Amino acid sequence: MTGGATISRRALLAAGAAFGVGAALAPARTGLARVPAAFEPTQRLTLAAGETELRLLGADKPATRIYAYDGEPFRLVRVPRGTRLEARFENRLAEASTVHFHGIRMPNEYDGVPTLTQPVVEPGGSFTYRIPLDDPGTFFFHPHCDETGQSGRGLIGALVVEDARDPAFDAEYVLCLKDWRLDGQGGLLPMSEPDGAAKAGTFGATRTVNGRPHLDLAAPAGGDVRLRILNVDSTRIMDIGVEGAEAWLIAIDGHALPPVPMDRLPDGIWRMGPAQRIDVQVRMPRDGRPVTIGDYRAAEIFTFATLAAEGRARGPRRRGPLALPPPDLPMPDLKAAEFHSFTLQQATDAAVKDTGLPPDDPLARALIDSLCVGATTYWSIAQQSWPTGERRNLPPPLARMQAGRSYRIEIKNETRYPHPVHLHGHAFAVLSSSKGRLPKHFADTVLTQPGEAVEIAFVAAPGDWVFHCHILEHMETGMMGWFRVV
Ligand code: C2O
Ligand code: CU
């Protein structure tokens, strides 16, 4: 710390009041505010979005043209905590795009939301993101532009921020779960159908993990495996369970929690909507029996990975889970917090019928493109819908907030479908669920069930941050709003 940082905040404020101009400079010089010094990248990389081929139906079937970063489906970026990442995005697609680093607390200008935080990156264009990665954990990145189409075609990368303080695991695997909408010849079917968008979403029937139907993974008998499981599907809610071994839920959306034995969760599963992630610790049986990990929600269980014993773990038999260091996140002050309640609903007609251009009018088309949203409105938050083709302007913010202040937000799901709700740029505390099903934890996305009210709290960070359902069709048909934090 420099000498200046030892001056008390009150003294500084007083000095600022006395010397006027000095007040604006003081916080940056002393490090009292969250204003970073000049951004010094410690790692640079290029993320080029483009088309590539993937054999999703099997080696003997035609390949599918998908989208990927750097030609690598589910490209994995792995960096140490504290990295200052400079990522140059190059758009080699035939459509506009942006990159959103999901779950990362960062300066608003790199958040990747068209219109709100940056212009879209046109085909052939580029944009450089400068992202501080101070929170360890399992994250991902994806476009924030025609997401149903682009992420639906596979444009998704995984981001692992490693923490040198973590306990040593005997093996670690990153598992990206995503379904694909394919015809029998490997061609892609339309990513969205009106009946899906207006209800539970349009599902893919070809299920994959890291682009494969199943993974056979190895780990030493008696050893501890860390699984980083990401639901990067556009639509599907999954019930993740482990069979054949002791296992603990050790992190949610990247953030550690006191380990919860998987078999102590209701039904022995963790329910996970699109964009949600979990870290699971699996203790391999000492007798070498295999362990399976699956999604138990669908009528047909999707066993996406088998862990087979290979060799033996060294050292004495371990008992209990290996806890991760607790998260180092701003703790909301619940007593002082301002309360807001937002209701998720179907859009009313009134919200849709604005002045209007017919949806096929070229100007309407251009407006849709510049906002990167769909042309139909089915959903709303607090009776507002993110604009679609017939509406011209951004809606007003759902709330105006003060940077550094604590907020408690109730999210009431008054629809007949579950919605995983995501807030950009923050890690929030999940405080309670009216159905009593959630342990206290930090997250960036929380699943709300029909008829459920979930309460979250956070310390607001400066910027314009979107708040939306991560079932991509829902978000693109209205279920998105934003908070202005100044
Ligand atoms: Cu994965 Cu708007 O986010
Ligand atoms: Cu939704």
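Residues numbered from 1 in each chain as written. Chains lettered and ligands numbered in written order. Predicted model: local features only at pLDDT ≥ 70, side-chain atom pairs only at ≥ 80, totals over all residues. Heavy atoms only, no water.

- The name an unreviewed UniProt entry gives the protein chain is Multicopper oxidase family protein, with Ancylobacter oerskovii as the organism.

**Brief notes about the sheet that holds strand β15 (residues 255-261)**
So, step 1. The six strands lie next to each other as β10-β9-β12-β17-β14-β15, forming an open sheet whose pairing is mixed. Strands at the two margins of the open sheet, each flanked by one partner only, are β10 (206-209) and β15. Neighbour-to-neighbour, the strand axes of this sheet turn through a mean angle of 25°, independent of strand direction.
So, step 2. Sheet analysis places strand β9 (residues 171-180) next to strand β12 (residues 224-231), joined by seven bridges and oriented parallel. By the bridge assignment, C176 is partnered in β12 with L230. (Pairing = 2+ DSSP bridges. Helix = DSSP H or I, 4+ residues; strand = E, 2+ residues; numbered from the N terminus. Axes fitted to C-alpha atoms, helices over the stretch in contact; angles between N-to-C directions.)

**A short note on the nonpolar core**
Among soluble globular proteins, nonpolar side chains are generally buried collectively.
So, step 1. Core analysis: the largest hydrophobic core is formed by 62 residues, its most contacted members being I229, F304, I409, F458, F467 and F483.
So, step 2. Considering every element that reaches this core, the biggest residue donor is strand β19 (residues 302-312), with four residues.
So, step 3. In terms of domain composition, this core takes at least three residues from each of domain 1 (9-20 + 165-312) and domain 3 (338-485).
So, step 4. Among the nonpolar cores identified, the runner-up in size contains 25 residues, and V99, I104, V121 and V161 belong to it. (Core = buried A, V, L, I, M, F, W, Y, C linked by side-chain atoms within 4.5 Å. Buried < 20%, exposed > 50% of the residue type's maximum accessible area, 1.4 Å probe, protein only. Domains from an automatic or database assignment.)

**So, the pattern of salt bridges**
So, step 1. In the structure shown here, the tally under the stated rule is 32 salt bridges.
So, step 2. Here R226 and D166 are joined by a salt bridge, their closest N and O atoms 2.8 Å apart. Of this pair, R226 sits in strand β12 while D166 sits in the loop between β8 (157-162) and β9, placing them 60 residues apart in sequence. Accessibility classification places R226 together with D166 in one group, the buried group.
So, step 3. Between D179 and R207 there is a salt bridge, with the nearest N and O atoms lying 3.1 Å from each other. (Salt bridge = Lys/Arg side-chain N within 4 Å of Asp/Glu carboxyl O.)

**Thoughts on the environment of H102**
So, step 1. As for its position among the elements, H102 is in strand β5 (residues 100-102).
So, step 2. What makes H102 buried here is its relative accessible area of 0%.
So, step 3. Residues H102 and G112, 10 residues apart in the sequence, show an inter-C-alpha distance of 9.7 Å.
So, step 4. Sequence-distant contacts of H102, that is, excluding residues within four places in its chain, are made with F139, F140, F141, H142, A275, R277, H422, D444, T445 and H470.
So, step 5. Side chain to side chain, H102 and D444 meet in a polar contact 2.8 Å long. (Contact = heavy atoms within 4.5 Å. Polar contact = N/O pair within 3.5 Å; in protein donor to acceptor, adjacent residues only side chain to side chain.)

**Observations regarding the coordination of the copper ion (ligand 2)**
So, step 1. Summarising the metal site, the copper ion (ligand 2) is bound by the protein donors H419 (ND1), C469 (SG) and H474 (ND1), whose distances to it range over 2.0 to 2.1 Å.
So, step 2. One chain supplies every donor for the copper ion (ligand 2), spaced along it as H-x49-C-x4-H. One end of the pair, H419, is in strand β24 (residues 419-423); the other, C469, is in strand β29 (residues 463-469), with 50 residues separating them in the sequence.
So, step 3. We classify C469 as buried; its relative accessible area is 0%. (Donors = N, O, S within 2.8 Å, 3.2 Å for Na, K, Ca; no water.)

**Considering unusual backbone geometry**
So, step 1. One non-glycine residue, N210, adopts positive backbone phi at about 50°.
So, step 2. In this structure, Q383 is a non-glycine residue whose phi angle is positive, near 65°.
So, step 3. Residue placement: Q383 occurs in the loop between β21 (379-381) and β22 (399-401).

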